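Here is what each chain is made of, one letter per residue.
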Protein chains: 4
Amino acid sequence: MYFASDNCAGIHPAISAGLSAQGSGFTSAYGTSDLDREVELRFGEIFERDVAVFYVSTGTAANALALTLVAKPGGVVFAHREAHIVVTECGAPEFLSGQLRMASVDGPNGKMDVNQLRRQVEELANSDVHGGRPVAISVTQTTESGTVHSLAELDAIATVAKDFNIALHMDGARFANSLVSLGCSPAEMTWKRGVDMLSFGATKNGCWCAEAIVLFDPSKASELTYIHKRSAQLFSKSRFISAQLNAYFCNGLWLDIAQHSNSMAKKLAETIAGLDSNCARLTSMPQSSEVFAIINIQTITAIRAKGVIFCEWPASPDFEIANDEQLCRFVASFATSDEDISCFHGVLHTAAKQLHRSVQC
Amino acid sequence: MYFASDNCAGIHPAISAGLSAQGSGFTSAYGTSDLDREVELRFGEIFERDVAVFYVSTGTAANALALTLVAKPGGVVFAHREAHIVVTECGAPEFLSGQLRMASVDGPNGKMDVNQLRRQVEELANSDVHGGRPVAISVTQTTESGTVHSLAELDAIATVAKDFNIALHMDGARFANSLVSLGCSPAEMTWKRGVDMLSFGATKNGCWCAEAIVLFDPSKASELTYIHKRSAQLFSKSRFISAQLNAYFCNGLWLDIAQHSNSMAKKLAETIAGLDSNCARLTSMPQSSEVFAIINIQTITAIRAKGVIFCEWPASPDFEIANDEQLCRFVASFATSDEDISCFHGVLHTAAKQLHRSVQC
Amino acid sequence: MYFASDNCAGIHPAISAGLSAQGSGFTSAYGTSDLDREVELRFGEIFERDVAVFYVSTGTAANALALTLVAKPGGVVFAHREAHIVVTECGAPEFLSGQLRMASVDGPNGKMDVNQLRRQVEELANSDVHGGRPVAISVTQTTESGTVHSLAELDAIATVAKDFNIALHMDGARFANSLVSLGCSPAEMTWKRGVDMLSFGATKNGCWCAEAIVLFDPSKASELTYIHKRSAQLFSKSRFISAQLNAYFCNGLWLDIAQHSNSMAKKLAETIAGLDSNCARLTSMPQSSEVFAIINIQTITAIRAKGVIFCEWPASPDFEIANDEQLCRFVASFATSDEDISCFHGVLHTAAKQLHRSVQC
Amino acid sequence: MYFASDNCAGIHPAISAGLSAQGSGFTSAYGTSDLDREVELRFGEIFERDVAVFYVSTGTAANALALTLVAKPGGVVFAHREAHIVVTECGAPEFLSGQLRMASVDGPNGKMDVNQLRRQVEELANSDVHGGRPVAISVTQTTESGTVHSLAELDAIATVAKDFNIALHMDGARFANSLVSLGCSPAEMTWKRGVDMLSFGATKNGCWCAEAIVLFDPSKASELTYIHKRSAQLFSKSRFISAQLNAYFCNGLWLDIAQHSNSMAKKLAETIAGLDSNCARLTSMPQSSEVFAIINIQTITAIRAKGVIFCEWPASPDFEIANDEQLCRFVASFATSDEDISCFHGVLHTAAKQLHRSVQC
């Protein structure tokens, strides 16, 4: 029962098979093979327009290099206070962009309060040189809280970017999970909303290592080519990523995997929802593959002892959490099975009964 | 007949099988899985001492981050004028180290003239703050010219580093090819010579993507941990690299592959050596998997038309090359077969005969 | 009546005379002249210990380079949310350090809430590599709100730095004003409290351009030498700064100037304190050369029309400010005269009477 | 007899007087005072077109920030192998631009061989992403060898820049000395030749500290504004530089000073030229304020003992220098007097006689 992260699963068998199938034969290197080009065109079909695609080693690299493309001296990027680029990348976006600063914006459920965002961008836009200047907004879809921005919410954020003539970046480390959650097209969730650069993550959704920057304005590709190489991100045997993505996109596998993960998360959530709230309660019903719950510490100990693996999560001002409780995160992936859920159900409900008894004593 | 680069081959079947075998099940991420730890220990056995190992996406990243570890404000790294870090990395070492400059040192056959190296290091060491200060020497083994430094040559370079109390880095993008060429142990070719940090490349020797920084002083690992992450090089599913290296090291596969490539290169060279020097001549007998030859332009056209794929190489002051000649590079890999060599032999000797006839006319 | 900033005054006549007196004759350059050395020794006497001194062009440079000395990959500096390094330096500390991030800490009156500071430092110190690591705390003395930390308040901040083994930097752009306000010695306000690096500002206190980094551990000077030069801050005719500081320190001139500015500010504040609070009210009695007051917008217009020059200041959560009011800042300097204050008194009280009448109507 | 550098002189009395005259009264800060604006307009008159002017602390800062304006990822700047930006700035241009690399071009007399320059630029322009790309050429006028490019030589360099569509920067640390040497107008020596950005140095020509970046395309000023501030180069009391330059430009003082220095250098050279070449010989007749001579080591010792102060200079491949000889540099400035020259003449000729005698023995 491994729910610590979707990073802890391996590779989906169909993607593994697709990768192995490309292991022999010779091709040109550094992103120039036929397969590389085919996959880039496939991205174009999926997003319904010409795009430029750059493979990178990590989601952190995708975020950092996408933002570097719009970086300017004194430039500031606005993102939610819990965004990966703000708190979980060890300063990589600042470092790799050579200059950008991240400005954190408050808001519940992993989403920026759009009025607050507008105020902060406006204040900086009106400041003199000492303050710097806004250059981009970064929105995370799926958010770090497991929530999904509606298209209307994305529109509201995009309007701020447009009004101040700055770029809009989307951190899509769990892009597919949001997509199937909203039931919209990739185009509708991105450039039709005003997104300029997308960090397209496939690693968490069943690949070994397949992260890409997608530029919706391919005329900027030539500039990113240099940013990409001088950041040491130009893979030689790039086909090893293309091979994964080729299988990933084949027959909608990527959406099937995301759908699977989301529904496993839903089942997991329902298991928690069935308990007394003193023992465990959801922060909300999951919208993607992540479940957040506030759990009694005794229960945490009990289910860990039975082999349930998951993460304690930093307390958020969004929730009221008692001293003997802890915010926890559970993540489903392609590798999560009905059997995992069923086992979890058993373990959790047993622990809940124990707690109930101990409280009664 | 694909001799353009060892980057153009895919993955060795045994490594592919090893990778697939690790595709299922859950493990912890970010370099903390059991397999990650096992492979790090395996590196320690191979190098006969405790080492710290960091996976990175590219050889460029390995070089840049290894050098960043010893970077100081005003710092300068000395390397051969044709070294990858000097001319083929788009400024990545300078950029990712935040400050280092590369000083290029002349010398024939891809090797620094050690007297010249000493003079240049000494001059900078004696300069005032305006000049900066030396911080490292970087030696490439196998060199960009396909040659291999002898242990005595490495000693001579290491002595300069020691005399000026600066670090010694080895760019080992084709490490295994040198190792089998010298017939020495990994320890003898590295830390026993004075190497502090090694860029250990396995991608060119049959992996998909398996590059690592090996630190011979593991006490510096904690610092590199932050350099590594803020450079966006911390893979989440790190086991995908461990799985490749696990198979790579199993039963000496890595040395067998390098031995194969080197001997294919030798056969390829013998094919060229058998020709009239007006048509094609070796710059020297190969010491590793790369063959450099000066070839008549008509012959180049003729063998390309027959499907031989290889690179024209920038002219070097080391060789006399006529106007109707061109320096060319051929690289063998795990995927190079006796059949490739035999085909190449046929095509080349036919072209040579044609040239002979045309010259006679 | 020019109260916009102490930057708007020129140079104190005695410092100007001292500068002119050093204009002829030859000396060695780049910080090596006899006068440069004398002034460095003078700093040592003033601070009662050996120090290393580096001249820089701006307070921003002093802050940025002092922090660079303790920068590490992934490093974070903690400072008040209104600190100059956080909001008024266009990202210079981040940029010039190559990597540092600024973490902003809340607290009233321009001072960090020390419990909040401790929590934030502790959280980052306990985080994994994704979060980064704390490397320094920066305290501003005089604060951006014109307040002065007591020695006990400095001790409390220094204790956090010590507990987490990180550096303590003091931004002393208005160092002298705090010093005379507290009536303590330079040593007591700095290294005896635990300050490691000081940005020593003299420009705002009557010099043309005299900013210095003071290192209380001079063994780190050799490293800063390179940071300083590669940041383009090594003045050739360094004696032009030494000449200013030589006069500045002569017979305690620097303290006399600061005393003068502080008492002018006090008089200015008393003028405001005498008014009806609907018209204008102090945020608090000034502790240094800066006066902050909340003023009715009609009054602002009226006194501006009469030639009073000052700055509107960004609203702070510390104060309740009505819609028809505005936070304003007035700064006194060596050039502020009793006549300026007396004029200001007349203009302000006339404007207050007008307002009183208009409100009655 | 202080000929070590023009940096070792103080400030010209007329400039000192002009500076003192601006010491009282209030003005706005950060480059916005009336005097700041007047001096910028004065630059426009001098250069016969609208220009944007940014004050910086050092010539190194001027060079680095001017080049930053045209920096791009992977970008390379071409300059003479002895250029200040290449060997004397501790990596500041690389560091402050966040990315640029310097490529050194050979050529005698401190001037790039223009054919060699074209070959190097062309090779990089034709390279793939691994090599990077050319972004600028930097020419030093007066060169580090004291020579002056003719207008035709500047044209030849500018043509290379134009042909490859890259920027042309001029390092004018000793701009005025070249100007009076050529007898042309500032416009003719800069933008009429194709110069885009000029590092305008006045410090060496009689100011305390007055270095400026002059942009001949003022539409780029808004970008440089941010580069300038985030590099910590925005002086608060900017009028202290304007006041110097105001006096500097008044009645052609700047040209008079340069003319004086150049003629003092000529006299100094004539003193050397009168000697036996075994004792001392000029590398060439000076074109500006610097004299380079190859001097016998005994003579060096002898004249130093008599109080002649000057620098030994790194040997250049341009000259044949015996083992008992040393290349030396003598620099004249506003403060060099006929009496200094006359004293030098006496001391040198006495030393020459001693040498003559010792050689005869």
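Given the structure is predicted, the values throughout are model-derived calculations rather than measurements.

A.B. asks: What exactly am I supposed to notice about the overall build of chain A here?
C.D. replies: Within chain A one finds 14 helices and eleven strands. Over its C-alpha trace chain A gives a radius of gyration of 21 Å, about what one expects of a compact globule, namely 21 Å for 361 residues. With respect to the principal axes defined by its C-alpha atoms, chain A has extents near 70 × 60 × 30 Å. The burial tally for chain A puts 63% of its 361 residues in the buried class. Put simply, of all contacts in chain A between residues at least 6 apart along the chain, 76% involve residues at least 24 apart. A total accessible area of about 12600 Å² is found for chain A, and carbon and sulfur atoms account for 49% of it. Considering chain A, the positive charge centre built from 28 side chains and the negative charge centre built from 38 side chains are found 2 Å apart.

A.B. asks: Looking at this structure, how should I read the relation of the copies chain A and chain D?
C.D. replies: For the pair of chain copies, the relating transformation is a rotation about an axis with a translation along it. By a simple turn and slide, chain A fits onto chain D: the slide is 0.1 Å along the axis, the RMSD is 0.0 Å, and the turn is 180°. With respect to symmetry, the two chain copies, as superposed, fit the operation of a two-fold axis. Using C-alpha coordinates, one finds that chain A approaches the rotation axis most closely at Gly98(A), a distance of 3.0 Å.

A.B. asks: Please explain the sheet that holds strand E3 (residues 101-105) of chain D as it appears in this structure.
C.D. replies: Within a beta sheet, neighbouring strands are joined by backbone hydrogen bonds and run either parallel or antiparallel to one another. Residues and elements named next belong to chain D. Strand order in the open sheet made by the seven strands is E1-E7-E6-E5-E4-E2-E3, with mixed pairing throughout. If you trace the sheet from one side to the other, it starts and ends with strand E1 (52-56) and E3, each paired once. If you compare each strand with its neighbour and ignore which way they point, the axes differ by 25° on average. Sheet topology note: the E1/strand E7 (residues 211-215) ladder contains five bridges and is antiparallel. In the sheet register, Val53 faces E7, and the bridge partner there is Val214. Along the sheet face, helix H2 (residues 34-47) touches E1, strand E6 (197-201) and E7 and points at about 120° away from the line of E1. Of the strands in this sheet, E1, strand E2 (75-80), strand E4 (133-140), strand E5 (167-172), E6 and E7 are in contact with helix H3 (residues 59-68), which crosses E7 at around 25°.

A.B. asks: What exactly am I supposed to notice about the interface of chain B and chain A here?
C.D. replies: Frequently, the measure chosen for interface size is the accessible area that the parts lose on association. Taken residue by residue, the interface counts 48 residues in chain B and 48 residues in chain A. Note on chain B versus chain A: buried area summed over both sides is about 4200 Å², and carbon and sulfur give 63% of it. The largest share of the area that chain B buries against chain A comes from Phe26(B), Trp208(B) and Lys237(B), three residues that together contribute 21% of it. Inspection of the chain B/chain A interface yields 28 residue pairs in polar contact (both at pLDDT 80 or more). Only helix H1 (13-21), helix H3 (59-68), helix H5 (92-97), helix H10 (221-230) and helix H11 (239-249) of chain B provide two or more residues apiece to the side of chain B that touches chain A. Counted by class, the side of chain B that touches chain A contains 22 nonpolar, 20 polar and six charged residues.

A.B. asks: How should I be thinking about empty space enclosed by the protein in this particular structure?
C.D. replies: It is the rolling of a water-molecule-sized probe over the atoms that shows where space remains empty. Applying the stated criterion to the full structure yields eight cavities of 30 Å³ or more. One number sums up the size of the largest cavity: a volume of about 280 Å³. Lining the largest cavity are 20 residues; nearest its centre among them are Gly98(A), Gly98(B), Phe95(C), Gly98(C) and Gly98(D). Going through the elements one at a time, helix H5 (92-96) of chain A, H5 of chain B, helix H5 (92-96) of chain C together with helix H5 (92-96) of chain D are the ones with two or more residues in the lining of the largest cavity.

A.B. asks: What am I meant to see in the packing of aromatic side chains here?
C.D. replies: One pair of aromatic rings is described through two measures. These are the centre distance and the angle between the planes. Applying the stated rule across the entire model yields 84 aromatic pairs over all chains. For the ring pair Phe200(D) and Trp254(D), a centre distance of 5.7 Å and an interplane angle of 50° mean the geometry is tilted. Of this pair, Phe200(D) sits in strand E6 while Trp254(D) sits in helix H12 (residues 253-273), and the two are 54 residues apart along the sequence. We note Arg49(B) situated over the ring of Trp191(B); from NZ or CZ to the ring centre the distance is 4.6 Å.

A.B. asks: Which parts of the structure should I look at to understand the packing of helix H8 (residues 175-182) of chain B against helix H12 (residues 253-273) of chain B?
C.D. replies: Residues and elements named next belong to chain B. At a minimum axis separation of 8 Å, H8 and H12 run at an interaxial angle of 80°. Put simply, H8 runs roughly perpendicular to H12. Seen from H8, the contacting residues are Phe175, Ala176, Asn177, Leu179, Val180 and Ser181; seen from H12, they are Trp254, Leu255, Ala258, Gln259, Ser261 and Asn262. The residue inventory of the contact of H8 with H12, partitioned by class, reads seven nonpolar, five polar and no charged.

A.B. asks: What's the story with the relation of the copies chain B and chain A in this structure? I'm lost.
C.D. replies: Turning chain B through 180° and shifting it by 0.0 Å along the axis lays it on chain A, with an RMSD of 0.0 Å. With an isologous cut-off of 70% or more, the 100% of interface residues of chain B that recur at the interface of chain A puts this contact in the isologous class.

A.B. asks: I'm lost on the interface of chain A and chain D in this one. Help?
C.D. replies: Counting residues at the interface gives 17 residues for chain A and 17 residues for chain D. Counting each side, the surface lost to burial between chain A and chain D is near 1600 Å², with a carbon and sulfur contribution of 64%. Among the residues chain A hides against chain D, the three largest losses belong to Val129(A), His130(A) and Tyr226(A). Together they make up 40% of the total. Counting the contacts that link chain A with chain D gives two salt bridges.

A.B. asks: What exactly am I supposed to notice about the nonpolar core here?
C.D. replies: For soluble globular proteins, the rule of thumb is that nonpolar side chains tend to be buried together. Ranked by size, the top nonpolar core spans 121 residues in total, and within it Phe43(A), Phe200(A), Phe43(B) and Phe200(B) carry the most contacts. Excluding anything up to four places from it in sequence, Phe43(A) contacts Val51(A), Val53(A), Phe200(A), Ala212(A), Val214(A), Leu245(A) and Phe249(A).

A.B. asks: I keep staring at helix H12 (residues 253-273) of chain C and nothing clicks. Help me out?
C.D. replies: Along an α-helix, a turn takes 3.6 residues, which lines up residues three or four apart on a common side. Between the first and last C-alpha of H12(C) there are 30 Å, a value that for 21 residues agrees with the 30 Å anticipated at 1.5 Å per step. Among the residues making up H12(C), those that are buried are Leu253(C), Trp254(C), Ile257(C), Ala258(C), Ser261(C), Asn262(C), Met264(C), Ala265(C), Leu268(C), Ala269(C), Thr271(C) and Ile272(C).

A.B. asks: For this particular structure, what's the right way to read the pairing of strand E11 (residues 325-331) of chain A?
C.D. replies: Moving residue by residue along a regular strand, the side chains alternate between the two faces of the sheet. Residue and element names in this part refer to chain A. Within E11, six of the seven residues are buried, which leaves it mostly tucked inside the rest of the structure. Sheet topology places strand E9 (residues 290-296) next to E11; seven bridges connect them, and they run antiparallel. Counterpart to Phe292 in the pairing with E11 is Arg329. Here strand E10 (residues 311-312) runs beside E11; their pairing, made up of two bridges, is antiparallel. Along E11, the bridge assignment pairs Glu312 with Cys328.

A.B. asks: Please clarify how the sheet that holds strand E9 (residues 290-296) of chain C should be interpreted in this entry.
C.D. replies: Residue and element names in this part refer to chain C. A sheet is described by the order of its strands in space; here four strands give the open sequence E8-E9-E11-E10, paired in antiparallel fashion. Every other strand in the sheet has two partners, leaving strand E8 (280-282) and strand E10 (311-312) as the edge strands with one partner each. The sheet contacts of H12 involve E8, E9 and strand E11 (325-331), and relative to E9 the element is tilted by about 20°.

A.B. asks: Please explain the side chain of Arg81(B) as it appears in this structure.
C.D. replies: Residues and elements named next belong to chain B. Mapped onto the secondary structure, Arg81 falls in the loop between strand E2 (75-80) and helix H4 (84-87). A relative accessible area of 18% means that Arg81 is categorised as buried. At 3.3 Å, the side chain of Arg81 and the side chain of Asp318 are in polar contact. If sequence neighbours within four positions are ignored, Arg81 has contacts with Val86, Val87, Ser104, Val105, Asp106, Gly107, Ser316, Pro317 and Asp318.

A.B. asks: Honestly, the pairing of E7(D) in this entry has me stumped. Any pointers?
C.D. replies: Residues and elements named next belong to chain D. Burial analysis of E7 places five of its five residues in the buried class, which makes it a mostly covered element. Of the two faces of E7, the one holding Glu211, Ile213 and Leu215 and the one holding Ala212 and Val214 are both buried throughout. One ladder, built from five bridges, connects E6 with E7; its direction is antiparallel. Within the sheet, the bridge partner assigned to Phe200 lies in E7 and is Ala212.

A.B. asks: Would you mind going over the side chain of Glu94(A) with me for this structure?
C.D. replies: Residue placement: Glu94(A) occurs in helix H5. Of the buried charged residues, Glu94(A) lacks a salt bridge, with Arg101(C) as the closest side chain of opposite charge at 4.6 Å. Contact partners of Glu94(A), with chain neighbours within four places excluded, come to Gln99(A), Leu100(A), Arg101(A), Met102(A) and Arg101(C).

Each value, and the rule that gives it
Residues numbered from 1 in each chain as written. Chains lettered and ligands numbered in written order. Predicted model: local features only at pLDDT ≥ 70, side-chain atom pairs only at ≥ 80, totals over all residues. Heavy atoms only, no water. Helix = DSSP H or I, 4+ residues; strand = E, 2+ residues; numbered from the N terminus. Rg over C-alpha atoms; globule rule 2.2 N^0.38 Å. Buried < 20%, exposed > 50% of the residue type's maximum accessible area, 1.4 Å probe, protein only. Contact = heavy atoms within 4.5 Å. Areas by Shrake-Rupley, 256 points an atom, 1.4 Å probe, with all protein chains shown as cover. Lys, Arg positive; Asp, Glu negative; His and termini not counted. Charge placed at Lys NZ, Arg CZ, Asp CG, Glu CD. Least-squares fit on C-alpha atoms with pLDDT ≥ 70 in both. Pairing = 2+ DSSP bridges. Axes fitted to C-alpha atoms, helices over the stretch in contact; angles between N-to-C directions. Buried area = accessible area lost by both parts, 1.4 Å probe. Polar contact = N/O pair within 3.5 Å; in protein donor to acceptor, adjacent residues only side chain to side chain. Nonpolar A, V, L, I, M, F, W, Y, C, P; charged D, E, K, R; others polar. 1 Å grid on protein atoms, 1.4 Å probe; cavity = no way out; pocket = protein on both sides within 12 Å on 5 of 7 lines; lining within 4 Å. Points joined across faces, edges and corners; volume = space filled by probe spheres on them. Phe/Tyr/Trp six-rings, centres within 6.5 Å; stacked < 30°, edge-to-face > 60°. Lys NZ or Arg CZ within 6 Å of the ring centre and 35° of its normal. Parallel < 35°, antiparallel > 145°, perpendicular 65-115°, else oblique. Salt bridge = Lys/Arg side-chain N within 4 Å of Asp/Glu carboxyl O. Core = buried A, V, L, I, M, F, W, Y, C linked by side-chain atoms within 4.5 Å. Expected span 1.5 Å × (residues − 1).

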